[in-house]
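Structural characterization, general
Given next are the chains, with one letter for each unit.
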Amino acid sequence: MSSNPPGLCCLTGVKHEGPVSGEIIDYHGISTYVSGDKTSKKIILFVTDIFGHVLSNAQLLADDFASQGYYVIVPDLFEGDPIPWTPFEKLGEVGLPEWLGKHSAEAVEPIVEKVLGHIKEDFAPTSIGAVGYCYGAKFVVRLLGEKKIEAGAIAHPSFVTDEEVEKITLPLIISAAQTDPIFTFENRVKTEEILTKNGTIYEITVYSGVVHGFACRVDPTIAIAKYAKERAFFSQVAFFAQYLK
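Residues numbered from 1 in each chain as written. Predicted model: local features only at pLDDT ≥ 70, side-chain atom pairs only at ≥ 80, totals over all residues. Heavy atoms only, no water.

If you look the protein chain up in an unreviewed UniProt entry, it shows as Dienelactone hydrolase from Lipomyces kononenkoae.

Below, the discussion takes up the overall build of the protein chain. When you go through the protein chain residue by residue, the secondary structure sums to 8 helices and 8 strands. For the protein chain, the C-alpha radius of gyration of 16 Å lies close to 18 Å, the compact-globule estimate for 245 residues. Structurally, the protein chain occupies a C-alpha span of about 45 × 40 × 35 Å along its principal axes. In the protein chain, buried positions account for 54% of the 245 residues. By sequence separation, contacts in the protein chain at least 24 residues apart represent 73% of the contacts at least 6 residues apart. (Helix = DSSP H or I, 4+ residues; strand = E, 2+ residues; numbered from the N terminus. Rg over C-alpha atoms; globule rule 2.2 N^0.38 Å. Buried < 20%, exposed > 50% of the residue type's maximum accessible area, 1.4 Å probe, protein only. Contact = heavy atoms within 4.5 Å.)

Let's shift gears to the packing of helix α1 (residues 56–66) against helix α8 (residues 223–243). In contact at an axis separation of 11 Å, α1 and α8 are set at 40° when each is read in the N-to-C sense. Classed by the angle they form, the pair α1 and α8 counts as oblique. Between α1 and α8 lies a crossing of right-handed hand. Contact with α1, carried on its side by L61, D64 and F65, involves K229, F233, Q236, V237 and F240 of α8 and no other residues of that element. (Axes fitted to C-alpha atoms, helices over the stretch in contact; angles between N-to-C directions. Parallel < 35°, antiparallel > 145°, perpendicular 65-115°, else oblique. Left-handed = near helix turned anticlockwise from the far one by under 90°.)

The sheet built from 8 strands is open, its strands ordered β1-β2-β4-β3-β5-β6-β7-β8 with mixed pairing. The open sheet has two edge strands, β1 (23–27) and β8 (202–211), and neither has a second partner. On average, each strand axis in the sheet is tilted by 25° relative to the strand beside it, whichever way the strands run. Bridge count for strand β2 (residues 30–35) against strand β4 (residues 71–75) is 4 bridges, and the pairing is antiparallel. Looking at β4, one finds that V34 is bridged to I73. Packed on one face of the sheet, α1 meets β1, β2, β3 (42–47), β4 and β5 (127–133) and runs near 45° to β2. Relative to β8, α8 is tilted by about 170°, and along the sheet it contacts β3, β5, β6 (151–155), β7 (172–179) and β8. (Pairing = 2+ DSSP bridges.)

This is the structure:
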């Protein structure tokens with residue numbers, strides 16, 4: 001398998017603070033954070049972790065991608081029911097299995113597909129990329145496998161299967177943590193074996209000194225962690241610049 005189911009490591013991290021430049025809108029009946037120039041013909045669909053589109057971490061990252069010339073669309077995948085921020089302080093009070101039962105891949109995927117369909121209709125983009133963190137990575141992998149986007153970027157993926165990776169032939173960049181009980185060393189090796197066999201254009205970078213969630217929930221006061229997050233972001237930007245036309 002390519003990544004294991006989410007666990008408590010999905011509930012750890014630091015909330016990022018700062019002013020955001022985008023806004024939350026109603027996008028075809030779905031609450032959605034958007035950022036950037038909507039006349040841009042290069043679109044990024046941002047598929048969040050379990051904390052959803054209202055968390056400042058996701059919004060600030062979306063703004064960062066928008067600053068590179070993309071129009072970024074971050075939909076609410078969980079119908080107003082993301083994991084609340086409190087688990088960072090009260091891990092034992094979060095019923096993650098119960099929450100995942102309500103927001104399974106079968107429940108989330110139609111939302112992703114609906115938003116992507118409207119993006120293509122509304123903006124007629126020259127290219128669409130997708131970025132996914134943790135749980136959101138699964139849907140980026142699926143979109144790539146179905147050739148519904150041109151390139152994908154994922155960080156510390158959860159719930160991804162070998163069968164989903166087998167279908168990927170389009171460009172994919174993976175940002176991985178050295179310490180990750182979900183996307184383990186063995187998972188990384190297996191994923192690379194599959195992508196190599198498929199002849200897929202891919203890039204996998206493993207960042208030492210960080211854990212699952214670093215690309216979106218890292219403690220920015222820790223130098224090595226801050227470096228890893230920023231390096232992962234700029235690597236994703238460079239990858240999209242190469243493969244999104």
